[in-house]
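Residue-level listing of the chains:
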Amino acid sequence: MKAHGFPKAEHLCLRRDVERLFAPGHAAATAWPLRVVWRLDDKPRRGPAVKVLLSVSKRRLRRAVDRNRAKRQLREAYRLHKQTVWAEVVPDACLHVAFVWLAPRQTASAEVTAAMVRLLARIAGKLAVSAGTQAAETAGESGEAAAMAAFSAADTV
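These lines cover the structure that appears in this document, whether it is placed above or below. Just so it is clear, the model here is predicted, and its values are computed rather than measured.

Conventions and cut-offs
- Residues numbered from 1 in each chain as written.
- Predicted model: local features only at pLDDT ≥ 70, side-chain atom pairs only at ≥ 80, totals over all residues.
- Heavy atoms only, no water.
- Helix = DSSP H or I, 4+ residues; strand = E, 2+ residues; numbered from the N terminus.
- Buried < 20%, exposed > 50% of the residue type's maximum accessible area, 1.4 Å probe, protein only.
- Contact = heavy atoms within 4.5 Å.
- Areas by Shrake-Rupley, 256 points an atom, 1.4 Å probe, with all protein chains shown as cover.
- Salt bridge = Lys/Arg side-chain N within 4 Å of Asp/Glu carboxyl O.
- Expected span 1.5 Å × (residues − 1).
- Arc of directions from axis to C-beta.
- Phe/Tyr/Trp six-rings, centres within 6.5 Å; stacked < 30°, edge-to-face > 60°.

This paragraph deals with the overall build of the chain. A count of helical and extended segments in the chain gives five helices and four strands. Looking at the chain as a whole, 38% of its 157 residues qualify as buried. Long-range pairs, those at least 24 residues apart, make up 78% of the contacts in the chain with a sequence separation of at least 6. Carbon and sulfur atoms form 56% of the exposed surface of the chain, whose accessible area is close to 8900 Å².

This part is about the pattern of salt bridges. Opposite charge on two side chains makes pairing possible when the charged atoms of those side chains draw close. Applying the stated criterion across every chain, the model contains six salt bridges. Here the salt bridges do not stand alone but share partners, grouping Arg-16, Asp-17, Arg-20 and Asp-41 into one network.

The next subject is helix H2 (residues 64-81). In this model H2 runs 26 Å from its N-terminal to its C-terminal C-alpha over 18 residues, within 8% of the 26 Å that 1.5 Å per residue would give. Regarding H2, the residues found buried are Asp-66, Arg-67, Ala-70, Gln-73, Leu-74, Ala-77 and Tyr-78. Down the axis of H2, the buried set is contained in an arc of 125 degrees. They therefore lie on one face.

Our next topic: the packing of aromatic side chains. One pass over the structure, following the stated rule, counts two aromatic pairs. Taken together, a centroid distance of 5.2 Å and an interplanar angle of 65 degrees make the contact between Phe-6 and Tyr-78 edge-to-face. With Phe-6 in the segment before helix H1 (15-22) and Tyr-78 in helix H2, this residue pair connects regions lying 72 residues apart in the sequence. Pairing Tyr-78 with Phe-99 gives two aromatic rings, centres 6.2 Å apart and planes at 50 degrees, and the pair type is tilted. Residue Tyr-78 is located in helix H2, and its partner Phe-99 is located in strand E4 (residues 94-101); the two are separated by 21 residues in the primary sequence. The pair formed by Tyr-78 and Phe-99 is uniform in burial state, with each residue classed as buried. Put simply, the rings of Phe-6, Tyr-78 and Phe-99 pair up and form one aromatic cluster.

Moving on: the environment of Pro-7. Its place among the elements puts Pro-7 in the segment before H1. You can call Pro-7 partly exposed: its relative accessible area is 39%. As a C-alpha pair, Pro-7 and Arg-79 span 72 residues in sequence and 9.6 Å in three-dimensional space.

Right, dumping it as structure tokens:
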């Protein structure tokens, strides 16, 4: 796999996976002009560890040229900074992520990239906290103490 690629295998395409991603129980965050929704599945994965969906609604950007440019900005920003999330995904787990465009007009590429970096860092932080909680529970620590440690760590992120 190329370090800065975004091959078709990493695209979230299956309707079943998209419905599961947006079902109750997902995690979400917003950094203008983007919203990110993600879900970590512990079941064995097929394909890459992270699959991504990019969505730019016609309701937000009416002209196809503007939607295509926004999707290109999202792809480029993700492609360049995806290692922050890939480093935190637990082996044999599958992370599904959706980036949704919120702005009603075009935004500068630097602003889109900055928002993408913030969101990817937030996801990576949450994954690190959940991995730390799982490691603490398997090491024999009580579930309540692990939950308190995860809660206090989540507040600092």
